[in-house]
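# Residue-level structure breakdown
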Amino acid sequence: MILFIKAKLHPQPHPLFKPGGRAHEPEFRMSTNVSAEEMEEIREGFQKVDLDGNGYICASELGNLFNEVGCSMPGYQIRELIQKLDKNNDSHIDLEEFTTIFKELKNDSKAKEFRKALNKKEGIVAIGGTSEISSAGTQHSISEQERYAFANYISSSLEKDPDCQNILPIDPNTKALFTAVADGIVLCKLINLSVPDTIDERTINKKKLTAFTTQENLNLALNSASAIGCQVVNIGAQDLKEGKPHLVLGLLWQIIKIGLFADIELSRNEALAALLEEGETLEDLMKLSPEELLLRWANFHLKKVGMTLTNFSGDVKDSKAYFHLLEQIAPDGSKEDAPRVEIDMTGLYENDLSKRAECMLKQADRLGCRQFVTATDVVGGNAKLNMAFVATLFNKHPALTKPENQDWNLESETREERTFRNWMNSLGVNPFVHRIYGDLQDAMVILQLYERIKVPVNWEAVNRPPFKPVVGHLKKIENCNYAVKLGKEEAGFSLVGIAGQDLYDGNATLTLALVWQLMRRYTLNILEDLGDAAGDDLIISWVNKTLSESGKSSSIRSFKDKSIGTSMPVLDLIDAIQPKSVNFELVKTENLSDEDKLDNAKYAVSMARKIGAKVYALPEDLVEINQKMVMTIFACLMGRGMKRA
């Protein structure tokens, strides 16, 4: 087990530093007990983790470190650890002593605990730490079917990615999937597959990975997953590094599902209007979740053969619905780029359900859709994997035509709405927010958000769903009134002119005004040590002080400062918080075009997430200097920076 401690140069040349070498870069003597790979990881540790810069670790620093990460140890245990490390009895641990004792400590029972603690200190911030679930010693059952399906999906989806060739294909019959995600590269690639351009590829550590660069990748993956709406509250980087099956599978499913459902939404796919039923309006259709729309789509095609599905579990076990669905959506040759495919229906008459399912999947393969399910999954009625299979069918062969002679003006989700929605979902609100205004109409999500910002909610005063048709709207409005009251009286929000009726009606401007104040408070809670003092002026002052002390030329006067559009203040601040983390050769600084600014912003946002700042804002927010979102970026970086103080 590898431990990491960083030390700066001693006032006099330290024997472990090579004379004439680059400043602050230690050159180690090889030890017969330590491999070259281990020495490289130690070198990374010395370079990136600086507790106080005095060249050694002392007992008080170790004690404070364990306390900070919620892993306190009695003083005598700290002293025992010091004594074990300290060979010259000066109560300090220097580089040479650490290197000498390293081999022995690898097998010590405290080594793992110590490494976790150091990983949570400056340089390696474990996002969320070890999950509450995994640390509680709870036993979790995992789905072997999901492991098999996700391994195959990743192998096929990333098979041409040059950065994944050393781990692909993943053997679905072993636990190789959990090892494959441990360095964070596959997770980052998968996130970009589901939501393109979420992560700037330049920020992914790909070569000569060490414990530190691996942790950075996992930080980047977790914060980016959160930014696209995945719930990662109970998942830590250490959990992924250790390949904890239930947490890995849970995160993978969230990422994959977001990608599968991306186009099952009316504003992005107007052909879905073909699913309107008699008496319905577009508004009614837009209220349906992607899961409900997927079921509606399947039944739209199955209606032609007199069949109906009510679920993706028991109703698909006999494969009959699948056979007919494939037949209905198969290309008929009317489009030049889609030659006709004749579905062989003879397998429908196979008596053995497993053999019938296998025959069906062979036909799905002809459509390029044999993904996620095996014959066993179909016959067993695995709802999650069957839904993923149907989503694949929809994405590749929707077989829908937008109704003619309809003048619809469907507004796509704005960037701000998407950011807010992803933020809510990342906090694990229930129900999952698909459409921000409709899903906030009963205030249940808003009330949960109040709890996330530490405003107590009296749930006995809340009307719970399901709501009865006749009086349901009144009960929802009562909830909305309570939400506004909480904001004014308990949270101290500025809600002038906002009433519960506005939330119920989905008034965009007023609803977003409340949601923004919830998100702002959540962001500022990162700075909870400052209490009521946390605010815009304090953040700006801290940013400028940190930049100045690090010798950076950047500064900001406000969150509307024009220089923010270049992303230089953000990148300089990131580099001040974690020195040498930013590769400024990748940053454009002169005669910037809009494309150059966006390129810088993409790099800045991904770098912020990589060093441990949970940023929800988008690169465009920096380029356009969106004052509200810019504030959240600097606040999150301040929270990250304060952890190193």
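To keep things clear, this report deals only with the structure shown in the data block. Residue indices begin from 1 for each chain and proceed along its sequence in written order. Given that this is a predicted model, residues contribute local features only at a pLDDT of at least 70 and side-chain atom pairs are listed and counted only at 80 or more, while totals for whole chains, interfaces and linings are drawn from all residues. Computation of side-chain values covers all heavy atoms of the structure but excludes hydrogens and water.

The next subject is helix H24 (residues 508-524). Strands are runs of DSSP state E lasting at least two residues, helices are runs of H or I lasting at least four, and both sets are numbered from the N terminus onward. Multiply 1.5 Å by the residue count of a helix minus one, and that product is the helix's expected span. An ideal rise of 1.5 Å per residue puts 24 Å on 17 residues; H24 measures up with 24 Å between its terminal C-alpha atoms. Of the residues making up H24, those classed as buried are Thr 511, Leu 512, Leu 514, Val 515, Trp 516, Gln 517, Leu 518, Met 519, Thr 523 and Leu 524. Throughout, a residue-residue contact means that at least one pair of heavy atoms, one from each residue, lies within 4.5 Å. Structurally, H24 contributes buried residues whose contacts are with helix H19 (415-426), helix H20 (436-439), helix H21 (444-452), helix H23 (500-505), helix H25 (536-549) and helix H29 (627-642). Two or three places before Thr 509, at the start of H24, stands the capping residue Asn 507, its side-chain oxygen 3.3 Å from that residue's backbone nitrogen. We call a residue buried when its accessible area falls under 20% of the maximum for its residue type, exposed when it is over 50%, and partly exposed in between, using a 1.4 Å probe and counting protein chains only. Side-chain atoms alone can form a polar contact between residues adjacent in sequence; in general such a contact is a pair of N or O atoms within 3.5 Å, and within protein one must be able to donate a hydrogen while the other accepts it.

Ranked by size, the top nonpolar core spans 90 residues in total, and within it Phe 150, Ile 154, Leu 177, Leu 187, Leu 251, Leu 294 and Trp 297 carry the most contacts. Broken down by element, this core gets its largest block of residues, 9 residues, from helix H12 (residues 245-260). In contact with Leu 294, not counting residues within four places along its chain, are Phe 261, Ile 264, Phe 312, Met 387, Val 390, Ala 391 and Phe 394. Among buried residues, those of type Ala, Val, Leu, Ile, Met, Phe, Trp, Tyr and Cys that are joined through side-chain atoms within 4.5 Å constitute a nonpolar core.

What follows deals with the packing of helix H7 (residues 144-157) against H12. Here, axes are lines fitted to C-alpha atoms. For helices the fit covers the stretch in contact, and angles between N-to-C directions go from 0 to 180 degrees. The interhelical angle for the contact between H7 and H12, taken along N-to-C directions, is 50°, at an axis separation of 11 Å. With respect to their mutual orientation, H7 and H12 come out oblique. Regarding H7 and H12, the two cross each other, and that crossing is left-handed. Every residue of H12 that contacts H7 at Glu 146, Arg 147, Phe 150, Tyr 153 and Ile 154 is listed here: Leu 249, Leu 252, Trp 253 and Ile 256. Each residue receives one of three labels: charged for Asp, Glu, Lys and Arg, nonpolar for Ala, Val, Leu, Ile, Met, Phe, Trp, Tyr, Cys and Pro, and polar for the others, Gly being one of them. Among the residues making up the contact of H7 with H12, the classes are represented as 7 nonpolar, no polar and 2 charged. We call two directions roughly parallel when the angle between them is under 35 degrees, roughly antiparallel when it is over 145, roughly perpendicular when it lies between 65 and 115, and oblique otherwise. The hand of a helix crossing depends on one turn: near helix anticlockwise from the far one by less than a right angle means left-handed, and clockwise means right-handed.

Further remarks concern a nonpolar patch on the surface. Together, Val 470, Val 471 and Leu 474 make up a nonpolar patch on the protein surface, roughly 270 Å² of accessible area in all. With respect to the element layout, Val 470 can be found in the loop between H21 and helix H22 (472-489). Val 470 sits in the exposed class, given a relative accessible area of 68%. Think of a patch as exposed residues, more than 30% relative accessible area, with no salt bridge, where like charges cluster within 9 Å and nonpolar side chains (Val, Leu, Ile, Met, Phe, Trp, Tyr) cluster within 5 Å. Every accessible area reported is derived by Shrake-Rupley at a probe size of 1.4 Å, with residue values counting cover from the shown protein chains alone. Here, a salt bridge means any side-chain nitrogen of Lys or Arg that lies within 4 Å of a carboxyl oxygen of Asp or Glu.

In this model, Leu 168 is joined to Pro 169 through a cis peptide bond whose omega is 0°. Tracing the backbone through its elements, the reader meets Pro 169 in the loop between H7 and helix H8 (176-180). Omega for the bond connecting Asn 430 with Pro 431 falls within 30 degrees of zero, at 10°, which places this linkage in the cis form. With respect to the secondary-structure elements, Pro 431 resides in the loop between H19 and H20. Positive phi, normally seen in glycine, also occurs at Phe 372, with a value near 80°. For Phe 372, the location among the structural elements is in the loop between helix H16 (353-366) and helix H17 (375-380). The phi dihedral of Ser 567 is positive, around 70°, even though this residue is not glycine.

In this section: the packing of aromatic side chains. Centres within 6.5 Å make a pair out of two Phe, Tyr or Trp rings, where for Trp the six-membered ring is used; the pair is then stacked when the planes are under 30 degrees apart, edge-to-face when over 60, and tilted otherwise. Taken as a whole and assessed by the stated rule, the structure comprises 7 aromatic pairs. With 6.2 Å between their ring centres and 10° between their planes, Phe 150 and Trp 253 make a pair best called stacked. One end of the pair, Phe 150, is in helix H7; the other, Trp 253, is in helix H12, and 103 residues separate them in sequence. Where Phe 559 meets Phe 634, the ring centres are 6.0 Å apart and the plane angle is 20°; that geometry is what we call stacked. Pair noted here: Phe 559 is in the loop between H25 and helix H26 (568-577) and Phe 634 is in helix H29, with a separation of 75 residues, a long-range link.

Our next topic: the packing of helix H15 (residues 320-329) against helix H18 (residues 383-396). Contact geometry of H15 with H18 gives a least axis separation of 12 Å together with a crossing angle of 15°. Overall, the two elements H15 and H18 adopt an arrangement that is roughly parallel. Regarding H15 and H18, the two cross each other, and that crossing is right-handed. On H18, the residues touching Tyr 322, Leu 325, Leu 326 and Ile 329 of H15 are Asn 386, Phe 389, Val 390 and Leu 393.

With that settled, consider the pattern of salt bridges. Under the defined criterion, the tally for this structure stands at 28 salt bridges. We note a salt bridge from Lys 206 to Asp 163, for which the minimum N-O separation is 2.9 Å. With Lys 206 in the loop between helix H9 (185-194) and helix H10 (211-227) and Asp 163 in the loop between H7 and H8, this residue pair connects regions lying 43 residues apart in the sequence. Among the charged side chains, a network of salt bridges with common partners joins Asp 161, Asp 163, Lys 189, Glu 201 and Lys 206.

What follows concerns the side chain of Thr 511. Position of Thr 511 relative to the elements: it lies in helix H24. The contact partners of Thr 511, leaving out residues within four places of it in the chain, are Tyr 437, Leu 440, Asp 502, Leu 503 and Gly 506.

Counting through the fold element by element, Asp 183 comes out in the loop between H8 and H9. Buried charge without a partner: Asp 183 forms no salt bridge, and the closest opposite charge is Lys 189, 11 Å away. Here the side chain of Asp 183 touches Ile 185 through a polar contact of 3.1 Å, landing on its backbone nitrogen. His is not counted, nor are the chain ends; Lys and Arg add positive charge and Asp and Glu add negative charge.

In this description, a disulfide is simply a cysteine sulfur pair whose atoms lie within 2.5 Å. In total, this model carries 0 disulfides according to the counting rule given. Looking at Cys 188, it has no disulfide partner, and the nearest cysteine sulfur is the one in Cys 164, 10.0 Å off.

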